[in-house]
Structure formats: structure tokens, C-alpha cells
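Inside the fold
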Amino acid sequence: MPANPATEPSLPPVLRVGGTPVSVVGRARIYVCGVTPYDVTHLGHAATFVWVDAVERVLRRLGVQVEVCRNVTDVDDVLFDAATRAGAHYDRFAAVQQFHFDRDMDALGVRRPAHEPRAHTFVPQVIELASALLANGAAYLSGGSVYFRGAPAAERAGLFLDDAVALLAQNGGRVDDPAKEDPLDQAVWQTSGPGEPSWPSPWGPGRPGWHAECTAMALSTYGPSLDLHVGGADLRFPHHAYEAAQAESATGVTPFARSWMHVGTVRIDGEKMAKSTGNLVFVSELVAQVGAPAIRMLLLDRRWDAPWDFTPETLTHAVERLDALHAAAGRPGATGSTAAVLAALADDLDVPRAVSVAIEEGGKAARDLVQILAL
């Protein structure tokens, strides 16, 4: 006898990110480019990790099993430079900075990831990746370094040559490396400079390249593909483009990530928040000032992919929205439905709509949203 739709239980909505549904068959495998532990956590860092936490919480509320992998890039030029300036060994320096980062994430209510691979422990996997790319012609050996042929990655990203080279130069791409056949080529394995750590390899002592570290850690954790890849918008190119290209070249499986989430840049006066510009707003100071829920509201009550400027007014607005949501949650007699709130969250993580609906509905709808987003 055919099922009666009227008596069948309704299925929960499916989360869509950037127009693509996140897997609900088995577990949802999420990889997020984590911290390079060389400095104190600022609001720009926190935006990405709070959004990942929100995605995980929404998926769990929708009945999906979730695994999050958030790497630690503890083999990197900026870390080596910072450790040298501090007069400390790079790994000890990274451990201290990682402690401060974890403390800030805990204060913000960001759940610890299921997997937290550290680049320095995945050197053998990077060597395996380099060997695979050499074997299929996607990379070549020159001067003791293994270079991935990068022109297809730039072409796939829709960039003109000059723009791609400029972005690489801004992100440590060593475009003037004389050992490379093309400025767009990137080291999977590279010879170490003076004072830098090195490990043995079939091509001589050296260390992993930045993009190769994430490629190896993601492949080692999840296999040849994952469901959602998250990172700041500034990582779209070159980092994510090369990461995906290397993984697909090595495994032959496409796409490497079923969907991508590039979190909008946090700015001050139109300029990206970054240590190089000195325009930093530190998480620990904001949490002490207004509390973690208000900071989460500040970061989440907007389009996840839109760049935005932090100002005192945006912080005040977040506090006011949070107060209104909490007041709605305690509204006497309110029995608002959670369905509309979940529908908004499932629709490309439309937190502003979910908050507005919860404030209007009040009661259970507001209480559920507070719980789902840890507000």
C-alpha cells in the first residue's frame, strides 16, 4: 500500500551553503583552515571559527552527524619569523600561542574540533603527496624542492596571470624563486632556509610547503573528498585553489570539496583587520567588555560571506539584538514555532532572518535559537 503523505513524518530541512546542500548521508565532514599560532587572536580570526561552530551546531540540530577538522599551521614562514623575533624555538613559541588561541575559542563557546592535526606531525604525508604529484607529472623536482604546476589552478580560479602572480606574492608565494619553471608553481616540498626546521626526504632535507600541509592533513583525515571546506575569504586564492588542485591531481577524485564557505573579511575603516596593519581588535578584550554571546551575535548576525566593518556602533547593535532575543525567549505565554527559525538557518545560514523571526515569535522559537547558536 502506498504511503499516505499526510501521515508520514516530515523531514527536517537540509542545510544549504552557497547554494549547495551539505551532506546528510552519514557524517558531514568539515575541514577548516585553522590558526597559524604566532599571535593573539583577533576578531578577524574569530569570525571564521565562530561560523564553523555555528554550522556544526545547526547541522547537529538538523539531525546530522558532524566531524570538524581544524588544522594548526605550525610550520610556516610567519611563525618562524615571529619566533626568531621573540628569541624562542618555533615549536615552543607555537605551543604558547596555541594555548592563548584555545583559551579565546573556549571563551567564545567554540567547540573543540574532532580532529586537530598539526603540520609538523604530517611531514611524512606531505612527502607522500609530493611523490604522488611527481609520479603523475603534476609536479617536478628542481634544486631539492618539489614544485606543483600552478597555472591550471589560477586558470580555474578565473584569474588573469598578473592578478594571480600578485596574489601569490602577497601570500608568501615566492614568485621570484629561480628554481621554478613558472611563477605560478608552488612548493609542495621545499629546501629549508638558514635557521629553519628541516626533515629528511627522498630529495634532500627540507620542509612542507604551506598549501601542501593543508592538502595532506585533509586527505589524511577524510580521504579524497570532504563535504564542506571553510576558511576566510582571503584564503580563496591562492591557498584553497592550490589545496584543491593538489588533492584532485594526487587522487583523481573531484571535487575535493562538495561545497565551500569563504567567510567575509572583518575590516576597520575599509581595511582588512591584520597584524601587518596594526588595526586589531582582540577577542579577549571584547569578551571582557560585553561577554561572549554578544560577540557571537556580532559575528553571526549578518551574511556569512559579506565583508564588514567593525565599529563601536556594530557592537552596540549586537548587544541590543541579543537583549531583544533574550527578552523574547522569556516572553510569558509565547509558544512560537521553531520551524521558521530552522528554515532560516538551513537557508544558507540566514542568521539575521532567524533572529528576527525568533524575536517576533518569542517563547520556544527564541529559546531554541539561543541554544542552537550558543547565544
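Up top is the structure these notes are about.
What this report covers is the structure whose coordinates are included nearby.

Reading guide: rules and limits
Residues numbered from 1 in each chain as written. Predicted model: local features only at pLDDT ≥ 70, side-chain atom pairs only at ≥ 80, totals over all residues. Heavy atoms only, no water. Helix = DSSP H or I, 4+ residues; strand = E, 2+ residues; numbered from the N terminus. Rg over C-alpha atoms; globule rule 2.2 N^0.38 Å. Buried < 20%, exposed > 50% of the residue type's maximum accessible area, 1.4 Å probe, protein only. Contact = heavy atoms within 4.5 Å. Areas by Shrake-Rupley, 256 points an atom, 1.4 Å probe, with all protein chains shown as cover. Pairing = 2+ DSSP bridges. Right-handed = clockwise from strand over helix to strand, strands pointing away. Core = buried A, V, L, I, M, F, W, Y, C linked by side-chain atoms within 4.5 Å. Axes fitted to C-alpha atoms, helices over the stretch in contact; angles between N-to-C directions. Parallel < 35°, antiparallel > 145°, perpendicular 65-115°, else oblique. Nonpolar A, V, L, I, M, F, W, Y, C, P; charged D, E, K, R; others polar. Salt bridge = Lys/Arg side-chain N within 4 Å of Asp/Glu carboxyl O. Phe/Tyr/Trp six-rings, centres within 6.5 Å; stacked < 30°, edge-to-face > 60°. Disulfide = S-S within 2.5 Å.

Within the protein, the secondary structure is distributed over 14 helices and 13 strands. Whereas a compact globule of 375 residues would reach a radius of gyration of roughly 21 Å, the protein reaches 22 Å, a difference of no more than 12%. Dimensions of the protein, computed from the C-alpha atoms along their principal axes, are close to 75 × 60 × 35 Å. When each of the 375 residues of the protein is scored for burial, the buried share is 52%. Counting only contacts in the protein whose residues sit at least 6 apart along the sequence, the fraction spanning at least 24 positions is 76%. On the protein, roughly 16,100 Å² of surface is accessible, and the fraction owed to carbon and sulfur atoms is 54%.

Glancing now at the pairing of strand β9 (residues 226-232). Of all seven residues in β9, seven are buried; the element is thus mostly enclosed. Relative to β9, strand β3 (residues 27-32) is paired through three bridges, and the arrangement is parallel. Each bridged residue has a counterpart across the sheet, and for Y31 the counterpart in β9 is H229. In terms of strand pairing, β9 meets strand β10 (residues 257-263) through six bridges, oriented parallel. Note that in β10 the partner of L228 across the bridge is S259. Crossover β9 to β10 through helix α8 (residues 236-251) is right-handed.

The next thing to look at is the nonpolar core. Soluble globular proteins tend to pack their nonpolar side chains together in the buried interior. Of all hydrophobic cores here, the largest spans 72 residues; its most connected members are L43, L108 and M261. The dominant element in this core, judged by the number of residues it contributes, is helix α1 (residues 43-61), at eleven residues. With near-sequence residues (within four places) excluded, L43 lies in contact with V266, M273, V281, V283, L286, I295, L298, L299, W308 and F310. Grouped together as the second largest cluster of nonpolar side chains are 49 residues, V75, F148, C214 and F256 included.

On the basis of which strands lie adjacent, the open sheet formed by four strands has the order β4-β3-β9-β10 and parallel pairing. Single-partner strands in this sheet number two, and they are β4 (65-70) and β10. Across this sheet, the average inter-strand angle for adjacent strands is 20°, counted without regard to direction.

Our next topic: the sheet that holds strand β13 (residues 308-309). Read from one edge to the other, the open sheet built from three strands follows the order β12-β11-β13, with strand pairing classed as mixed. Bordering the open sheet on either side are β12 (271-272) and β13, each of which pairs with just one other strand. Where strand β11 (residues 266-268) meets β13, two bridges bridge the pair, whose relative direction is parallel. Its bridge partner lying in β13, R267 is registered against D309.

Here we come to the packing of helix α12 (residues 339-346) against helix α13 (residues 351-361). Two numbers describe how α12 lies on α13: the axes approach to 8 Å, and their chain directions differ by 170°. Regarding the angle of α12 to α13, the classification is roughly antiparallel. Across the interface between the two elements, A340, V341, A343, A344 and L345 of α12 pack against V351, R353, A354, V357 and A358 of α13. For the contact of α12 with α13, the class distribution of residues is nine nonpolar, no polar and one charged.

On to the pattern of salt bridges. This model, assessed by the stated rule, comprises 22 salt bridges. Note that R156 is salt-bridged to E248, the shortest N-O span being 2.6 Å. Here R156 is found in helix α5 (residues 151-156), whereas its partner E248 is found in helix α8, with 92 residues between them in sequence. The class of R156 is exposed, set by a relative accessible area of 57%. A cluster of three or more residues bridged by salt bridges with shared partners is formed by D77, R174, E196 and R207.

Turning next to α12. For α12, the set of buried residues is V341, L342, A344, L345 and A346. In this structure, the buried side of α12 is in contact with β1 (16-17), α1, α13 and α14 (363-372).

According to the stated counting rule, one finds six aromatic pairs in the structure shown. Arranged with centres 5.4 Å apart and planes meeting at 90°, the rings of F80 and Y90 form a pair that is edge-to-face. Linking F80 in helix α2 (residues 77-86) with Y90 in helix α3 (residues 90-107), this pair joins segments that are ten residues apart in sequence. By relative accessible area, F80 is classed as buried at 7%. Consider the rings of F237 and Y242, whose centres lie 5.8 Å apart with planes at 50°: the pair is tilted.

Direction vectors running N to C along α1 and α14 enclose 130°, while the axes themselves pass 9 Å from each other. In terms of orientation, α1 and α14 fall into the oblique class. Contact with α1, carried on its side by R57, V58 and R61, involves D368, Q371 and I372 of α14 and no other residues of that element. Taken together, the residues of the contact of α1 with α14 sort by class into two nonpolar, one polar and three charged.

Attention now moves to the state of the cysteines. Tallying each qualifying case throughout the model produces zero disulfides. Cysteine C33 shares no disulfide, and the gap to the nearest cysteine sulfur, in C214, comes to 3.8 Å.

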